[in-house]
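Here are the chains, one letter per residue:
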Amino acid sequence: MSKAADDEGVPGGRGEPPGTSAQQVGGEAAGGKLPSKLSASSFTPGWTKVSCPCCASERVEPLVRVKLGPKVVPETKRWLIKLIGAPQKDGGAGLLAHPGEDATGNTIMLSAPRCTLLRATEELGLCKIYHNNEMEAFAYNDRDNFRDSDNMEVFLTLAERQYIIKYELDGLRAQKELRIPGMPDSRTLQKRDNIWQKLGQAGVIVDTFPLHNPGKLKDLSKSWYSGNQLAQPLDKVNEYFGSSVAFYFSFLDFYTWSLLPPAILGLFIAYFSREVQREMLQSVSGSQQQEIQDEPEPLISGHMLQAVFSMLWSTVVIELWKRRSSSLSYQWGTLNLAERFAEPRPGFHGDLGVNPVTGRVEPLFPEWKRDLRMALVSVPVVGLFLGLVVLGMMCFYWAEARVQWLHKDWNSMISQTFLYVPSVLHIVYTNMLANLYRTVANSLTEYENHREESAYDNHLTGKILVFTFFNNFAVLFHIAFFKQDVPLLRKRLASLLIISQLVNQVTEVVIPFLVDRFISAPHRTESEDDPEEDKFRNQGTLPTFPGLFAEYIELLVQFGYLSLFSCVFPLTAVLLLLNNLTEIRSDAYKICKLFRKPFCPPVASMGVWKVAFEVLSFVSVVSNAWLLLLSPRLQKMSQEAGMSSSNLLMGAVMVEHVLILVKVIMAALIPDEPDWIRKKREHIEYTSMQALRQQKLNVQQS
């Protein structure tokens, strides 16, 4: 949505004189009760006034806090409050703003009136419950027929209301060149500049973040990670943190419980298969044991069973998750999110011109210049980091050969311990390299200057996924298919599963908890009697939530270990299950206690991550088929049958193609969405099309 701002009398004001009734100045922010110190009698009269009678309310709930720079003068603050509170038709954000307890302080509290929330609900394409109890795409002109549309606290979730405020602020654009009052003349906004971004660059706005609701957060914590319950309160998570966070925890929960079948199978194989027991003992001890010739061997080994099961399991899990995901998107009202010609993202820059598609005046950046930047800068830098991965792999092989030679020479407990040192050092190296690369990938994607937020996210995710796959799986693939050293592959996988999980738990939970407990917490001690302004300010001392990128990467790597290589180490699923049972609660604790509340846009699925999991699921067929080819049992059986290497290779290729065909058939037999969801989606699309047609007819008749 495009808005404009003018420095010559932006409508709105700081508020009304003390004693003005809340009905005159209030705005339906959420319909929620205010904390004691920010009650209607003391806090509401300072809110900017609303012109729409239906938006008047006796109480306003502060939803977002804006922190201003230390050098911002009262004149600039008053101008900013007027800009935020001005109606959208006059170039403002159409929000409710309050200067805080100190009119000259560095805080502005934000909320949103009913009409602004409802219009944004339609623009975002959210679905809500109609009067007939069916989920329908929300239409502002038909708002009275939607259930609870007069009560914003019930109609919209807390996360949706807070995101809408960010959505409106990011949509503020200068209609013409204007000067920021109270700032030097050099700080001038050009036409179509993103006002909120420019104010941040000028130091006027230091921070903008949504506020926690202590009561709702306490209730969510009790039902999420404080108790002994196994099920996650996903609807409450969606209501408080938004659908993007809820989808992550829903997938984490679904994936964790999906680990039960392979974990049970892995325990069964490890307990009953003497071959597996012998190989696992060899990988731990580093010594070779002679096979007992008189041992009866079953026709199908545990490795074969595990490999075939992993291929089928990965397919079923991904297909069932698609069905669950579509059901959740319908339940949370994100099934029909709007695909529109969005405003340029805040970080986009270029020469001002007329967009040939939308006809709007906005910054333009040539596509050829972006392609040139990607080809001459991004691709070489990504290639450099992939080269560093190869360098680390070569160092790992060199160190592995040295400690093997040392163990053969010493043959002691100390030398046996040294066998795992190269793997541990290489894991630490890859983790450090991954953290550095993530920072570089962000800078590269910003330098590419993508117009849409979705394009920015897709290119960033693509860079991270390419590096992650190479960084985590290159060594394993090289050991398996080039060195063809199954014992080394088994030892390496066991080291990754154990060391990586320990490192992740320490870096993601223990260190943030200690920092919060002993460094940050003493500086934000508060009691129930403290002013609400102080409590809001304390929330600003928490670190910014880093997002779910690292969490999805961790799950993707886990899924890769299990689906690609678990046939050489059947206890893979057991270790992952134990880790994820604690991961659910630790991730919930982190987002509730250790970080600020994030802005979360409504989403309809996991997005590009779903594609990444599907790709790994397909690659698992090739990986497991070739690992079976390297199985000592299969090699021995082929020798006894007098099969040549070429015949064995052709047999493996045939088995691989048969399994791929089975995988494709299974995926086709399991629909991506339940039949009732498909009908609901088509009905929503049809009613939306009818509403648009009727709206065009009304415009033509008028």
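Calculation notes
- Residues numbered from 1 in each chain as written.
- Predicted model: local features only at pLDDT ≥ 70, side-chain atom pairs only at ≥ 80, totals over all residues.
- Heavy atoms only, no water.
- Helix = DSSP H or I, 4+ residues; strand = E, 2+ residues; numbered from the N terminus.
- Buried < 20%, exposed > 50% of the residue type's maximum accessible area, 1.4 Å probe, protein only.
- Areas by Shrake-Rupley, 256 points an atom, 1.4 Å probe, with all protein chains shown as cover.
- Pairing = 2+ DSSP bridges.
- Axes fitted to C-alpha atoms, helices over the stretch in contact; angles between N-to-C directions.
- Contact = heavy atoms within 4.5 Å.
- Core = buried A, V, L, I, M, F, W, Y, C linked by side-chain atoms within 4.5 Å.
- Parallel < 35°, antiparallel > 145°, perpendicular 65-115°, else oblique.
- Left-handed = near helix turned anticlockwise from the far one by under 90°.
- Nonpolar A, V, L, I, M, F, W, Y, C, P; charged D, E, K, R; others polar.
- Salt bridge = Lys/Arg side-chain N within 4 Å of Asp/Glu carboxyl O.
- pLDDT = per-residue confidence, 0-100.
- Phe/Tyr/Trp six-rings, centres within 6.5 Å; stacked < 30°, edge-to-face > 60°.
- Lys NZ or Arg CZ within 6 Å of the ring centre and 35° of its normal.
- Polar contact = N/O pair within 3.5 Å; in protein donor to acceptor, adjacent residues only side chain to side chain.
- Lys, Arg positive; Asp, Glu negative; His and termini not counted.
- Expected span 1.5 Å × (residues − 1).

### Concerning the overall build of the protein
Here's step 1: Helix and strand content of the protein: 24 helices and 12 strands.
Here's step 2: Looking at the protein as a whole, 51% of its 702 residues are labelled buried.
Here's step 3: A total of about 32800 Å² of accessible surface is found on the protein, and carbon and sulfur atoms cover 60% of it.

### Quick look at the sheet that holds strand E10 (residues 205-210)
Here's step 1: The strand order across the open sheet formed by four strands is E3-E4-E2-E10, and the pairing between neighbours is antiparallel. Lying at the two open borders of the sheet, with one neighbouring strand each, are strand E3 (96-98) and E10. Along the sheet, successive strands turn relative to each other by an average axial angle of 20°, direction set aside.
Here's step 2: In this sheet, E10 lies alongside strand E2 (residues 64-68) in antiparallel orientation, the contact comprising five bridges. Looking at E10, one finds that Arg65 is bridged to Phe209.
Here's step 3: Against the sheet, helix H2 (residues 74-85) engages E2, E3, strand E4 (107-111) and E10, with an angle of about 5° to E4.

### Some thoughts on the nonpolar core
Here's step 1: Residues Leu80, Leu110, Leu169, Trp196, Leu199, Trp224 and Phe565 are the most contacted members of the largest nonpolar core, which totals 150 residues.
Here's step 2: Among residues more than four places away in sequence, those in contact with Trp224 are Gln229, Gln232, Pro233, Val237, Phe241, Phe249, Arg585, Ala588, Ile591 and Cys592.
Here's step 3: Counting seven residues, the second largest nonpolar core, distinct from the first, contains Met135, Ala137, Leu335 and Ile677.

### Some details on unusual backbone geometry
Here's step 1: In this structure, Asn133 is a non-glycine residue whose phi angle is positive, near 70°.
Here's step 2: With respect to the helices and strands, Asn133 occurs in the loop between strand E5 (127-129) and strand E6 (135-137).
Here's step 3: Take Asn133: its relative accessible area is 54%, and that puts it in the exposed class.
Here's step 4: Positive phi is not limited to glycine here, since Asn449 has a value of about 60°.

### Concerning the packing of helix H7 (residues 214-226) against helix H8 (residues 234-241)
Here's step 1: Running from amino to carboxyl end, H7 crosses H8 at an angle of 150°, the nearest separation of the two axes being 10 Å. In terms of orientation, H7 lies roughly antiparallel with respect to H8. For H7 against H8, the interelement crossing comes out left-handed. Between H7, through Lys216, Leu217, Asp219, Leu220, Ser223 and Trp224, and H8, the contact on the second element is made entirely by Lys236, Val237, Glu239, Tyr240 and Phe241.
Here's step 2: Of the residues in the contact of H7 with H8, the class split is six nonpolar, one polar and four charged.

### Some points on the pattern of salt bridges
Here's step 1: Considering all chains together, one arrives at 21 salt bridges under this definition.
Here's step 2: Between Lys322 and Glu319 there is a salt bridge, with the nearest N and O atoms lying 3.4 Å from each other. On the criterion of helical spacing, the pair formed by Lys322 and Glu319 is a turn pair, its members being three residues apart in helix H12 (residues 302-331). Exposure class is identical for Lys322 and Glu319. Each is buried.
Here's step 3: With its nearest N and O atoms 3.3 Å apart, the salt bridge here joins Glu682 to Arg678.

### What to know about the confidence of the model for the protein
Interpreting fine coordinate detail is not advised for predicted regions of low pLDDT.
Here's step 1: Taken residue by residue, the protein gives an average pLDDT of 81. The fraction at 70 or more is 85%.
Here's step 2: Confidence over residues 4-44 falls short of pLDDT 50; this stretch has 130 contacts with residues more than four positions distant or in other chains.
Here's step 3: Confidence drops under a pLDDT of 50 for residues 288-294, and excluding neighbours within four residues, the segment shows six contacts in the predicted structure.

### A short note on the packing of aromatic side chains
Here's step 1: Per the counting criterion, the structure on display carries 31 aromatic pairs.
Here's step 2: With a centroid separation of 5.2 Å and 15° between ring planes, the pair formed by Tyr552 and Trp609 is classed as stacked. Taken together, the positions of Tyr552 in helix H19 (residues 549-565) and Trp609 in helix H21 (residues 608-629) put the pair 57 residues apart, joining distant regions of the chain.
Here's step 3: Given the relative accessible area of 6%, Tyr552 is considered buried.
Here's step 4: An aromatic cluster is present here, built from Trp224, Tyr240, Phe241, Tyr248, Phe249, Phe549, Tyr552 and Trp609 joined pairwise through their rings.
Here's step 5: Sitting over the face of the ring of Phe155, Lys128 holds its NZ or CZ atom 5.8 Å from the ring centroid.
Here's step 6: Looking at Arg373, its charged tip hangs above the ring of Tyr447, at a distance of 4.4 Å from the centre.

### Overview of helix H3 (residues 114-124)
Here's step 1: Most of H3 sits inside the fold, with eight of its 11 residues counted as buried.
Here's step 2: Taken together, the buried positions of H3 are occupied by Arg114, Cys115, Thr116, Leu117, Leu118, Ala120, Thr121 and Leu124.
Here's step 3: The secondary structure elements touched by the buried residues of H3 are helix H4 (152-155) and helix H5 (158-170).
Here's step 4: In the stretch just after H3, Gly125 is the one whose phi turns positive, near 80°.

### Notes on the side chain of Ser563
Here's step 1: Position of Ser563 relative to the elements: it lies in helix H19.
Here's step 2: Here Phe559 takes part through its backbone oxygen, which lies 2.7 Å from a polar atom of the side chain of Ser563.
Here's step 3: Discounting chain neighbours no more than four positions away, the residues touching Ser563 are Ser310, Ser314, Leu616, Ser620 and Asn624.

### Notes on the side chain of Lys597
Here's step 1: Here Lys597 shows up in the loop between helix H20 (572-594) and H21.
Here's step 2: In this structure, Lys597 is buried with no salt-bridge partner, the nearest side chain bearing the opposite charge being Glu239 at 7.3 Å.
Here's step 3: A distance of 2.3 Å separates a polar atom in the side chain of Lys597 from a polar atom in the side chain of Gln162.
Here's step 4: Engagement of the side chain of Lys597 in a polar contact is seen with the backbone oxygen of Tyr240, the distance being 2.8 Å.
Here's step 5: If near-sequence neighbours (up to four positions away) are discounted, Lys597 is found in contact with Leu158, Ala159, Gln162, Pro210, Leu211, His212, Tyr240 and Phe241.

### Focus: H5
Here's step 1: With 13 residues, H5 should cover 18 Å at 1.5 Å per step; its first-to-last C-alpha distance of 19 Å lies within 8% of that length.
Here's step 2: In terms of burial, H5 is a largely internal element, 11 of the 13 residues being buried.
Here's step 3: What H5 keeps buried is the set Leu158, Ala159, Glu160, Arg161, Gln162, Tyr163, Ile164, Ile165, Tyr167, Glu168 and Leu169.

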